[in-house]
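Residue-level structural notes
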Amino acid sequence: MDDRDRHEAGMTVRRQVLGDAHVDRAIAGTDEFTADFQDLITRYAWGEIWTRPGLDRRTRSCVTLAVLATLHHDEELAMHVRAALRNGLTPEEVGEVLLQVGVYAGVPAANRAFKVARETLRQEDQ
């Protein structure tokens, strides 16, 4: 697969996982300074990693939630809570992932992540 094919595959998966509205906002906000970064994440995060057959999207969402929660990347965590729901996780399963974070990455990380996830889930219910 060449870079163009990887970018196209990545954009397809990115839209399926994050939703058209989110991706459209990201593209609209792209400028000369951020263009290379947007291309990088589309080709590699979405076109190389999220397209691999070794894990399904639900599992990738679980892993992503756990890592983002552990590293306190709250904005990305909120985005991926929404993505996890699109990938078939239930709010209860999101909570289970965050409980796992509490045991393996620390209660403060899970506490913060639960706050982010709760607010995101409330917004999704509206």
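A brief look at the structure comes next. (Residues numbered from 1 in each chain as written. Predicted model: local features only at pLDDT ≥ 70, side-chain atom pairs only at ≥ 80, totals over all residues. Heavy atoms only, no water.)

Helix and strand counts for the protein stand at 7 helices and 0 strands. Along the chain direction, N to C, the helices and strands of the protein fall in the order α-α-α-α-α-α-α. Compactness check: the protein gives a C-alpha radius of gyration of 15 Å against a globular reference of 14 Å for 126 residues, within 12% of the reference. Considered along the principal axes of its C-alpha atoms, the protein spans approximately 40 × 30 × 25 Å. Across the 126 residues in the protein, those meeting the buried criterion constitute 35%. Considering only contacts within the protein whose residues lie at least 6 apart along the sequence, 67% involve residues at least 24 apart. When the 16 positive and 21 negative side-chain charges of the protein are each reduced to one mean point, those points stand 3 Å apart. (Helix = DSSP H or I, 4+ residues; strand = E, 2+ residues; numbered from the N terminus. Rg over C-alpha atoms; globule rule 2.2 N^0.38 Å. Buried < 20%, exposed > 50% of the residue type's maximum accessible area, 1.4 Å probe, protein only. Contact = heavy atoms within 4.5 Å. Lys, Arg positive; Asp, Glu negative; His and termini not counted. Charge placed at Lys NZ, Arg CZ, Asp CG, Glu CD.)

Once that is clear, we can look at unusual backbone geometry. Even without being a glycine, His-72 presents a positive backbone phi close to 60°. Structurally, the position occupied by His-72 is in the loop between α4 (57-70) and α5 (74-86).

What follows deals with the pattern of salt bridges. For the structure shown, the criterion picks out 9 salt bridges. Arg-4 is the partner of Glu-8 in a salt bridge, and the nearest nitrogen-oxygen pair spans 3.5 Å. One end of the pair is Glu-8 and the other is Arg-4, both in helix α1 (residues 3-18) and 4 residues apart, which spans about a single turn. Residue class for Glu-8 comes out partly exposed when judged on its relative accessible area of 44%. Owing to a relative accessible area of 63%, Arg-4 belongs among the exposed residues under this scheme. For Glu-93, the salt bridge identified is with Arg-58, shortest N-O distance 2.9 Å. Residue Glu-93 is found in helix α6 (residues 91-105), and its partner Arg-58 is found in helix α4; the two are separated by 35 residues along the sequence. (Salt bridge = Lys/Arg side-chain N within 4 Å of Asp/Glu carboxyl O.)

With that settled, consider the side chain of Thr-120. Tracing the backbone shows Thr-120 in helix α7 (residues 107-125). Among the polar contacts made by the side chain of Thr-120, one reaches the main-chain carbonyl oxygen of Val-116 at a distance of 2.8 Å. For Thr-120, the contacting residues outside a window of four places in its chain are Ala-78, Val-81 and Arg-82. (Polar contact = N/O pair within 3.5 Å; in protein donor to acceptor, adjacent residues only side chain to side chain.)

Let's shift gears to the nonpolar core. Residues Leu-65, Ala-69, Leu-77, Val-81, Val-94 and Leu-98 are the most contacted members of the largest nonpolar core, which totals 18 residues. Counting residues per element, the ones that place at least two in this core are α4, α5, α6 and α7. Considering each element in turn, this core owes the most residues, 6 residues, to α7. Beyond its immediate stretch of four places on either side in the chain, Leu-65 contacts Leu-77, His-80, Val-81, Ala-84, Leu-89, Val-94 and Val-97. Val-17, Leu-18, Val-23 and Met-79 belong to the second-largest nonpolar core, a separate cluster that totals 9 residues. (Core = buried A, V, L, I, M, F, W, Y, C linked by side-chain atoms within 4.5 Å.)

We now examine the packing of α1 against α5. A pair of packed helices can be characterised by two numbers: the angle between their axes and the separation between those axes. Running from N to C, α1 and α5 cross one another at 90°; their axes reach a closest spacing of 7 Å. Taken together, the axes of α1 and α5 are roughly perpendicular relative to one another. Along its contact with α1, which presents Gln-16, Val-17 and Leu-18, the element α5 presents Met-79, His-80, Ala-83 and Arg-86. (Axes fitted to C-alpha atoms, helices over the stretch in contact; angles between N-to-C directions. Parallel < 35°, antiparallel > 145°, perpendicular 65-115°, else oblique.)

So yeah, pure geometry; function would need other evidence.
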